[in-house]
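# Per-entry structural report
Listed below are the residues making up each chain.
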Amino acid sequence: MSLRSIQSRDNAQYKQLKQWASSAQARRKSGMTLLDGVHLCEAWLQHRGVPALCVVAESALSHPEVAALVAQCESNTNSNAKSNSNTNTNSNSNAGAAECVLLPDVLFTPLGQVEHGVGILFAVKVPDTASGGHASLSLQSAALLLDSVQDPGNLGTILRTAAAAGIQQIFCGPGTAAVWSPKVLRAGMGAHFVLEITEDVDLVQLIQQASVPVYATQPDAPKTIYTADLRAPSAWLFGHEGQGVSEQLLALATERLAIPQSSQVESLNVAASVAICLFEQRRQQINQ
């Protein structure tokens, strides 16, 4: 195992890592983000290939799972990783293996995104996503549309739920939390790496040109998700934690459906609503 050691806070690469760890603006400008912990790093290797950079704390080298990840990065032996043009982040990236850096614990700690984490980070290139005005965007298959979902925990949970329910396409409108932020990544638990996520989408235009039905939830809708026929591919529209879906988008939905609930509770958490709807649809599709 041959890791390059960085011992100084003044090291240029370390300064860059600190910026990515602390600044959303720096991450957006560079197109990079950080994955913290064994699970996310394993998931990236499985689905996307080697990272641009593997960063390890000295105390973590004795951890068997960390040692295995570092060895995999150095040898690039993961034959199951998908081919991805975004895996390498710049012309200096090694096409066959990832650069691996060793840090003293005192330098690694400020980079960590998880309290009492195990001591490994991947710096990865955020996959390219189309802008909202991209002419090629179309809604032709099962998808999830998110209108200003702002809580990172909710957003990550929604992505994880969508992946588990077999939804592949995610379209995020303006106002939705940054999908590739460390907090959303942690909540997503690797779901990002198997989804096609597009940010800053003009949802109005997307729905107007949709070739599949678009469902939105509304508490007083006459039809419920349990009486509706959800077997055909469709898109689901969910909105802000407080205000819900905007009136403009709600008016464009093909149909509004209710989730039956006790009158003692005003509304459901948006992530819970997504799970209920997607898995009712999946139940109907399995049993058809």
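Here goes a summary of the coordinates provided. (Residues numbered from 1 in each chain as written. Predicted model: local features only at pLDDT ≥ 70, side-chain atom pairs only at ≥ 80, totals over all residues. Heavy atoms only, no water.)

Looking now at the overall build of the protein chain. When helices and strands are tallied, the protein chain shows ten helices and eleven strands. Here the C-alpha radius of gyration of the protein chain, 21 Å, is about what a compact globule of 288 residues would show, namely 19 Å. C-alpha extents for the protein chain along the principal axes are approximately 65 × 40 × 35 Å. Residues classed as buried in the protein chain amount to 48% of the 288 residues present. Within the protein chain, the 23 negative side-chain charges are centred at a point lying 3 Å from the centre of the 18 positive side-chain charges. (Helix = DSSP H or I, 4+ residues; strand = E, 2+ residues; numbered from the N terminus. Rg over C-alpha atoms; globule rule 2.2 N^0.38 Å. Buried < 20%, exposed > 50% of the residue type's maximum accessible area, 1.4 Å probe, protein only. Lys, Arg positive; Asp, Glu negative; His and termini not counted. Charge placed at Lys NZ, Arg CZ, Asp CG, Glu CD.)

Further remarks concern the pattern of salt bridges. Scanning all chains against the criterion turns up four salt bridges. Where Arg4 meets Glu99, a salt bridge forms, and the shortest distance between an N and an O atom there is 2.5 Å. Of the two residues, Arg4 is situated in strand 1 (residues 4–5) and Glu99 in strand 4 (residues 99–103); the sequence distance between them amounts to 95 residues. Take Glu99: its relative accessible area is 34%, and that puts it in the partly exposed class. One salt bridge connects Glu255 with Lys223, and the closest N-O pair in it is separated by 3.0 Å. Within this pair, whereas Glu255 is found in strand 11 (residues 255–257), its partner Lys223 is found in the loop between strand 9 (214–217) and strand 10 (235–239), the two being separated by 32 residues in sequence. (Salt bridge = Lys/Arg side-chain N within 4 Å of Asp/Glu carboxyl O.)

Spatially, six strands are ordered 8-7-6-10-9-11 in an open sheet, and the strand pairing comes out parallel. Strands at the two margins of the open sheet, each flanked by one partner only, are strand 8 (196–198) and strand 11. Here the strands of the sheet are splayed against their neighbours by 25 degrees on average, with no regard to which way each runs. Note that strand 7 (residues 169–172) and strand 8 share three bridges and pair parallel. Its bridge partner being in strand 8, Ile170 is matched across the sheet by Ile197. (Pairing = 2+ DSSP bridges. Axes fitted to C-alpha atoms, helices over the stretch in contact; angles between N-to-C directions.)

Time to look at the nonpolar core. Core analysis: the biggest nonpolar cluster contains 75 residues, and Ile120, Phe122, Leu144, Ile170 and Trp236 have the highest contact counts within it. With six residues, the single largest contributor to this core is helix 3 (residues 38–47). Discounting residues that sit within four places of it in the chain, Ile170 has contacts with Leu144, Leu146, Leu159, Ala162, Leu195, Glu196, Ile197 and Thr198. Counting 19 residues, the second-largest nonpolar core is a separate cluster that includes Leu137, Leu206, Ile207 and Val245. (Core = buried A, V, L, I, M, F, W, Y, C linked by side-chain atoms within 4.5 Å. Contact = heavy atoms within 4.5 Å.)

Right, let's talk about the environment of Tyr215 for a bit. Position of Tyr215 among the secondary structure elements: in strand 9. When the C-alpha positions of Tyr215 and Pro174 are compared, they lie 19 Å apart, and in sequence the two are 41 residues distant. Sequence-distant contacts of Tyr215, defined by excluding residues within four places in its chain, comprise Asp229, Leu230, Ser234, Ala235, Trp236, Leu237, Glu255 and Leu257.

Glancing now at the side chain of His192. Mapped onto the fold, His192 is located in the loop between helix 7 (182–188) and strand 8. There is a polar contact of 2.7 Å between the side chain of His192 and the backbone oxygen of Val179. (Polar contact = N/O pair within 3.5 Å; in protein donor to acceptor, adjacent residues only side chain to side chain.)

Time to look at the environment of Arg4. Residue classification places Arg4 among the partly exposed positions, given a relative accessible area of 36%. For Arg4 and Leu102, which are 98 residues apart along the polypeptide, the C-alpha to C-alpha distance reads 5.9 Å.

Attention now goes to the sheet that holds strand 5 (residues 120–125). Read across the open sheet, the five strands follow the order 1-4-3-5-2; overall the sheet is mixed. Either end of the sheet is taken by a strand with one partner, and the two such strands are strand 1 and strand 2 (32–36). Direction of pairing for strand 1 relative to strand 4: parallel, over a ladder of two bridges. Within the sheet, the bridge partner assigned to Arg4 lies in strand 4 and is Val101. The sheet contacts of helix 3 involve strand 2 and strand 5, and relative to strand 5 the element is tilted by about 40 degrees.

Right, let's get into the packing of helix 3 against helix 4 (residues 64–75). Interhelical geometry of helix 3 versus helix 4 gives an angle of 30 degrees and a closest axis separation of 11 Å. With respect to helix 4, the element helix 3 is oriented roughly parallel. Helix 4 is crossed by helix 3, and the crossing has left-handed handedness. Side by side, helix 3 and helix 4 meet where Val38, Cys41, Glu42 and Leu45 of the first sit next to Glu65, Val66, Leu69, Gln72 and Cys73 of the second. By residue class, the composition of the contact of helix 3 with helix 4 is six nonpolar, one polar and two charged. (Parallel < 35°, antiparallel > 145°, perpendicular 65-115°, else oblique. Left-handed = near helix turned anticlockwise from the far one by under 90°. Nonpolar A, V, L, I, M, F, W, Y, C, P; charged D, E, K, R; others polar.)

Time to look at the pairing of strand 9. Consecutive side chains along a regular strand alternate between the two faces of the sheet. Sheet analysis places strand 9 next to strand 10, joined by three bridges and oriented parallel. Among the inter-strand pairings, Val214 is bridged to a residue of strand 10, identified as Ala235.

To continue, consider helix 6 (residues 152–164). With 13 residues, helix 6 extends 18 Å between its outermost C-alpha atoms, agreeing within 8% with the 18 Å of an ideal straight helix rising 1.5 Å per residue. Regarding helix 6, the residues found buried are Asn154, Leu155, Gly156, Ile158, Leu159, Thr161 and Ala162. Looking at the buried residues of helix 6, the elements they touch are strand 6 (143–147), strand 7, helix 7, strand 8 and helix 10 (270–287). Capping of helix 6 at its N-terminal end is provided by Asp151; its side-chain oxygen lies 3.0 Å from the backbone amide nitrogen of Gly153. A positive backbone phi angle near 90 degrees is found at Gly166, which sits one or two residues after helix 6. (Expected span 1.5 Å × (residues − 1).)

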